Amino acid sequence: MPAFPTLFPNSIFKINLTTIAMIFLAGLVVVVVLRIGLRRMDMRNPRGLQNILEWAVEFTRTMARDTMPTEGAVNFILPLAFTMLTFLFVSNWLGLISIIALHLHSPSGMWGITAHDLSQSKGEVVLFDSPTANMSMTLGLAVMVWILSHARGLRHPKKWLKHFYSPSPLAVIEEITNPLTHGMRLYGNIFAGEALLTVMVTAPRLLGWIPWTLPLILVWLLYSLFVSTIQAYVFSILMCLYVGNKSFDGPGHH
Amino acid sequence: MFEVGTFIVSIVSFLIVFWIIAKVGFKPLAGIMEKRRVYVTGQLTEAEHNRLESERILAEQKRLLEQTRKEAKEILDAARMRADEQSRNLIRQAEEESARILAEGRQLIQQEREEALNAALQRVAELTVELTTKLLHNYVTAEAHAKMLQEAEEKLGELAC
């Protein structure tokens, strides 16, 4: 396990600073790309990046329409779904483009890295990584979606209560498994991709600097980029699905 | 491993990021797409409306043209009928006029002839009387003379009638 710069390292309220910083970095990238794309906004002839962005919005809308019961719910989730899609896409790719790590030989109090962490990570301290390669962060997003879905469900309290036992009381299990798998799926995919890449990159070098696993790295990198893209989509569509399942304002909902 | 601090701060951070992206990036993007959608929908509606309007106007024009044609035909027919009638009237009037003029002429001729005849008879009677007077002057009495004159006048009167 690599070590991370940490706030409050010895308390229960440990905060992974790399993850938090990377969340903001990914957000910044998304905002910058959006602003560049919208720099010369034109209603009549959209150009270049604006086309791509509009395609992304249409894509998100189609995705939400496929999984949600009403147009009202689609309009409700659209900004969040768009943000989630673009943010996760950038987040997942960030760790594949590069992982920056420091080699520390002694525990650093300023970075909040304990000797125990350092011994576990063999001195490696990660400063640049996917925020989604962190279990706490992905579970945080999943729980946020879970809370959001119930908050929306509570707009119709009777139907909300009814849906816990109406088709089958076993559905209550979903209330735990859904957010858990929702978060862990994303974390697992991204973390696995990065972990394997790290292992392969640290393999013995040919001629001093080329890892002998280079072909494997390239194949795995391409596959991980694909998986990262898919996972951003999967997380977003599941979010729409979960929120849509608890949007009881649609017609023909049980 | 799972860290409560990272968990909570991640949610907060993501919400901040979401708020910024939604405000700075998504809102203008969605706004311009909505604007375009409204614009295109408006254009389509307007085009449809215009098409219906033009169809309506075309039908109206056709109807008007048909009506005008019918009216023109009616007017022409009426004019033709009136002209026929008028010409018939004219002919009848002319015939009557000519008949009248003819009758007048005939009457005039008759009258003149009668006048001329009367005048001629008068003259003949006078001449006869004069002649007779001259012939008989020597041996006819005044009585016989008067009697013969009367007789001749009667006969002339019969002739004249």
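All figures in this text were calculated on a predicted structure; none of them were measured in a lab. (Residues numbered from 1 in each chain as written. Chains lettered and ligands numbered in written order. Predicted model: local features only at pLDDT ≥ 70, side-chain atom pairs only at ≥ 80, totals over all residues.)

### Digging into the nonpolar core
One broad trend across soluble globular proteins is that nonpolar side chains are buried collectively. Ile-77 and Ala-81 of chain A are the most contacted members of the largest nonpolar core, which has 51 residues in total. Mapped by element, the contributors of at least two residues to this core are helix H1 (17-37), helix H2 (48-67), helix H3 (71-97), helix H5 (135-153), helix H7 (171-201) and helix H8 (214-245) of chain A together with helix H1 (4-136) of chain B. Membership of the second largest hydrophobic core comes to five residues, among which are Ala-3, Phe-4, Ile-113 and Val-125 of chain A. (Core = buried A, V, L, I, M, F, W, Y, C linked by C-beta atoms within 7 Å. Buried ≥ 20, exposed ≤ 12 C-beta atoms within 10 Å, placed from the backbone. Helix = DSSP H or I, 4+ residues; strand = E, 2+ residues; numbered from the N terminus.)

### What to know about the environment of Leu-127 of chain A
Residue and element names in this part refer to chain A. In this fold, Leu-127 is placed in strand E4 (residues 124-128). Looking at Leu-127, the number of C-beta atoms within 10 Å reads 15, which means it is partly exposed. The sequence separation of Leu-127 and Ile-100 amounts to 27 residues, and the corresponding C-alpha distance is 5.5 Å. For Leu-127, the contacting residues outside a window of four places in its chain are Thr-18, Ile-100, Ala-101 and Leu-102. (Contact = placed C-beta atoms within 7 Å.)

### Comments concerning the packing of H7 of chain A against H8 of chain A
Residues and elements named next belong to chain A. Packing of H7 against H8 leaves a shortest axis separation of 10 Å and a crossing angle of 170°. Overall, the two elements H7 and H8 adopt an arrangement that is roughly antiparallel. Packed against H7, whose contacting residues are Asn-178, His-182, Arg-185, Leu-186, Asn-189, Ile-190, Gly-193, Leu-196, Leu-197, Met-200 and Val-201, the element H8 presents Leu-216, Ile-217, Trp-220, Leu-221, Ser-224, Val-227, Ser-228, Gln-231, Val-234, Phe-235, Leu-238 and Tyr-242 at the interface. Here the residues of the contact of H7 with H8 sort into 15 nonpolar, seven polar and one charged. (Axes fitted to C-alpha atoms, helices over the stretch in contact; angles between N-to-C directions. Parallel < 35°, antiparallel > 145°, perpendicular 65-115°, else oblique. Nonpolar A, V, L, I, M, F, W, Y, C, P; charged D, E, K, R; others polar.)

### Things to note about the interface of chain A and chain B
In this complex, chain A contributes 34 residues to the contact, which on the side of chain B involves 27 residues. Of all the secondary structure elements, the ones that give two or more residues to the side of chain A that touches chain B are strand E2 (15-16), H1, H2, H3 and H5 of chain A. Broken down by element, the residue count for the side of chain A that touches chain B peaks at nine residues, all from H1 of chain A. Split into classes, the residues belonging to the side of chain A that touches chain B amount to 24 nonpolar, seven polar and three charged.

### A look at H1 of chain A
Residue pairs three or four apart in sequence face the same way in an α-helix, which turns once every 3.6 residues. Between the first and last C-alpha of H1 of chain A there are 30 Å, a value that for 21 residues agrees with the 30 Å anticipated at 1.5 Å per step. For H1 of chain A, every residue scored as buried is listed here: Thr-18, Thr-19, Ile-20, Met-22, Ile-23, Ala-26, Gly-27, Val-30, Leu-34 and Gly-37 of chain A. Of the surrounding secondary structure, the elements contacted by the buried residues of H1 of chain A are E2, H2, H3, E4 and H5 of chain A together with H1 of chain B. (Expected span 1.5 Å × (residues − 1).)

### Digging into the environment of Leu-64 of chain B
Residues and elements named next belong to chain B. Position of Leu-64 relative to the elements: it lies in helix H1. What makes Leu-64 exposed here is the crowd of 10 C-beta atoms within 10 Å. Along the sequence, Leu-64 and Asp-77 sit 13 residues apart, while their C-alpha atoms lie 20 Å from each other.

Bear in mind that shape data such as this cannot, by itself, settle questions of function.
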